[in-house]
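# Working through the structure, step by step
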Amino acid sequence: MNTDCWLLVTADGWGGAFRIARALPGRLTAVVIGPRLLAEQVAAAGPDEVRWTDPGPVPAEAWGAALAGAAADAQPGVVLSTTDPAARVLLGAVAGRMHARLVPAAVALAVEDDRLLVRRAAVGGETIETLRCTGPVAVTYGGDDVAAASGAAAPVTPVELAAAPLAVIASEPLAVASGLEDADRVVSFGRGVRARDDVSLVQGLAAALGAELACSMPIADDLGWLDKSRYVGRSGNQISPALYLAVGIGGAPQHMEGVRGARVVAAVNNDPEARIFRTADYGIVGDLYDVVPELTKAVRNLPSKELEQ
Amino acid sequence: MRVVVVYKWARNPTDALVRSDGSIDWRNARMTAGEDDPAALAAAFAIAAGSDGEVLGLTIGDGDASWALARGVERAWSVADAPSLVDNAATAAILAAAVRHLGEVDVVVIGDSRQDAGVPVALAGELGWPALVGLTSATTVDGRLQAARKVGGAAQTVLLPTPAVVGIAAEADVDRAPGMKELLAARKRPLTRLSLAELGVAPDDPESLGCAKPDSTPARVFAGEPAETAAQLVAALRSEGVL
Ligand SMILES: Cc1cc2nc3c(=O)[nH]c(=O)nc-3n(C[C@H](O)[C@H](O)[C@H](O)COP(=O)(O)OP(=O)(O)OC[C@H]3O[C@@H](n4cnc5c(N)ncnc54)[C@H](O)[C@@H]3O)c2cc1C
């Protein structure tokens, strides 16, 4: 089994993918289409080689066909990317050209009896399936992101490849709620809060915790109780606070995508079957109208220095 | 532009039951409209409208193919015997064969599913076309295909050549349930069935060695008197070092 691996990188967040690629016995080539700094960071993690193409202002996806051609020559046995859209497009181009299988959401790779075993997250991560593959395999990484370990730095070889005519013709900064992105603590609420006037209840808890206030999408989009720049989720903010406290939020997968990077997730919900309890670390089953005032009180009773960030 | 919109091409993971041994019971789940399908359909119409084009529907498997016909698509094709597969490249190969069967096509629009994140990109790879995925919308301006996306804190507009594949990731549920008139109209619209044999594809999956539940610690959930549970949670958060 050929376990030479190509890891396709176009943006940050490649640490987890790198780790499962490095676990294979073959030669690891990192193919970076991005700024020089990114190529150097990947090189420091210790692949065997980094092939780097500087896209300048052009979307990395423009190099799909050229990379596919290069892969057809080099014939890696395994090709890996994150779920980053650009890296995925490159992966698809390579897989199509090589007639490789493409397994999404891989969390581990191993070789057994000269065959590649791919463990993949299925049903939204509720179960892990093991697949035995022959022939070239492309996978997207579906595990948690981890910081890349440092290894023996690899050389970075600049590679010139032909690009398809894709171009960014306009770019405007998105509105970001000040403070939410790098907040240490975030208190967030959802449709469990019944009226606009009750928002102050949650606000009080956030203030006591020295936390930023956020919400689920319907609170901002449908009800307009908070600004749209404050909702969390796939289509809103993706944040990584130390504490994310969700009050009256159901825990839809689209919402939870926004807090995958949070260290501790806690939830208050009156439904013991609420989906959020499946992914949270801590929870209180109870009516938020009873629990939130008590939480606020309990936090206020803490010695004040404990809440300094 | 001649636009193909791919819809109802996967089963919904919320229709599956994971048993305690980790095995999956799909409970006879059928392929359904994905959460990104309505946004993909809207993009297909926007691309066609900007270019005096037309939108053709393409679906696979056992889902109800009239979904798109009841939402304004005039003609659709269904590869009804296509199975649900783990290998995203195999699914993409079926779709690519069907797209080729439709003749000259300028743009393929498909929902950029979280569950099967490899299908849109493998479809582009199989066709050998450029692609963008993770898009919020797409349209045609002055005869040229352009797409919108959010990247690194910016909203970008990107111009791409045709033919191309565009993968739309919905930002919200934009589906509009069709009315009686649309449902009736859908019945009269042509739906052509294709088979894998006709398309010359014989998809298969890698061998599965079984499933197991991941190691994860369940939530510590407090229930009881509000004052007590509040104190318990605060104590737990303090011991985690986040308070
Ligand atoms: C394509 C797409 C993209 C989306 N993107 C996002 C996104 O980025 N962000 C996002 O948030 N959503 C997003 N959504 C919507 C998402 O699917 C959910 O509909 C939404 O997150 C639900 O919001 P919620 O949890 O506030 O409301 P609900 O799901 O209604 O949950 C309210 C919760 O409050 C609990 N509750 C009720 N009363 C009380 C009480 N008195 N005390 C305690 N608990 C109580 C209920 O048990 C329930 O669990 C998206 C949807 C789609 C289709």
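Residues numbered from 1 in each chain as written. Chains lettered and ligands numbered in written order. Predicted model: local features only at pLDDT ≥ 70, side-chain atom pairs only at ≥ 80, totals over all residues. Heavy atoms only, no water.

### A short note on the site of the ligand
Near the ligand, the surroundings consist of 30 residues, among which Arg 191, Ser 216, Gly 250, Gln 254 and Asn 269 of chain A are the closest. The residues that come close to the ligand belong to more than one chain, namely chains A and B. Note that an oxygen atom of the ligand is positioned 3.2 Å from one of the backbone N or O atoms of Gly 248 of chain A. Between the ligand and Leu 288 of chain A, the relevant distance is 2.8 Å, taken from a nitrogen atom to a main-chain nitrogen or oxygen of the residue. Protein chains bury 82% of the 980 Å² of accessible surface belonging to the ligand in isolation. Put simply, the parts of the chain that give the shell around the ligand at least two residues each are helix H6 (217-221), helix H7 (253-256) and helix H9 (288-300) of chain A. (Near = heavy atom within 4 Å. Polar contact = N/O pair within 3.5 Å; in protein donor to acceptor, adjacent residues only side chain to side chain. Areas by Shrake-Rupley, 256 points an atom, 1.4 Å probe, with all protein chains shown as cover. Helix = DSSP H or I, 4+ residues; strand = E, 2+ residues; numbered from the N terminus.)

### Side note on the packing of helix H5 (residues 199-209) of chain A against H9 of chain A
Residues and elements named next belong to chain A. Close contact between H5 and H9 brings their axes to 9 Å; oriented N to C, the two are set at 20°. When the axis of H5 is compared with that of H9, the two are roughly parallel. Note that H5 runs across H9; the crossing there is left-handed. Facing Leu 201, Val 202, Gly 204, Leu 205, Ala 208 and Leu 209 of H5, the residues of H9 in contact are Leu 288, Tyr 289, Val 292, Pro 293, Leu 295, Thr 296, Val 299 and Arg 300. For the contact of H5 with H9, the class distribution of residues is 11 nonpolar, 2 polar and 1 charged. (Axes fitted to C-alpha atoms, helices over the stretch in contact; angles between N-to-C directions. Parallel < 35°, antiparallel > 145°, perpendicular 65-115°, else oblique. Left-handed = near helix turned anticlockwise from the far one by under 90°. Contact = heavy atoms within 4.5 Å. Nonpolar A, V, L, I, M, F, W, Y, C, P; charged D, E, K, R; others polar.)

### Details of helix H2 (residues 36-44) of chain A
Residue and element names in this part refer to chain A. Taken together, the buried positions of H2 are Leu 38, Ala 39, Val 42 and Ala 43. In an axial view of H2, the angular spread of the buried residues amounts to 140°, which keeps them on one side of the axis. On the buried face of H2, the contacting elements are strand E1 (5-9), helix H1 (15-22), strand E2 (28-33), strand E3 (49-53) and strand E9 (156-158). Two residues or fewer after H2 comes Gly 46, characterised by a positive phi angle close to 90°. (Buried < 20%, exposed > 50% of the residue type's maximum accessible area, 1.4 Å probe, protein only. Arc of directions from axis to C-beta.)

### As for the sheet that holds strand E12 (residues 164-168) of chain B
Strand order in this open sheet of 10 strands is E10(A)-E11(B)-E10(B)-E9(B)-E12(B)-E8(B)-E1(B)-E6(B)-E7(B)-E13(B), and the pairing throughout is mixed. Every other strand in the sheet has two partners, leaving strand E10 (167-173) of chain A together with strand E13 (191-194) of chain B as the edge strands with one partner each. The mean inter-strand angle of the sheet, taken between neighbouring strand axes irrespective of direction, is 30°. Two strands pair when backbone bridges link them, and strand E9 (residues 131-141) of chain B and strand E10 (residues 144-151) of chain B are joined in this way by 6 bridges, in the antiparallel orientation. Counted as the bridge partner of Thr 140 of chain B is Leu 145 of chain B from E10 of chain B. Against the sheet, helix H3 (residues 88-101) of chain B makes contact with strand E1 (2-7), strand E6 (54-60), strand E7 (75-79), strand E8 (107-111) and E13 of chain B, and its axis sits at roughly 140° relative to E6 of chain B, the strand it touches most. On top of the sheet, helix H4 (residues 119-127) of chain B reaches E8, E9 and E12 of chain B; it is set at about 160° to E8 of chain B, its chief contact. (Pairing = 2+ DSSP bridges.)

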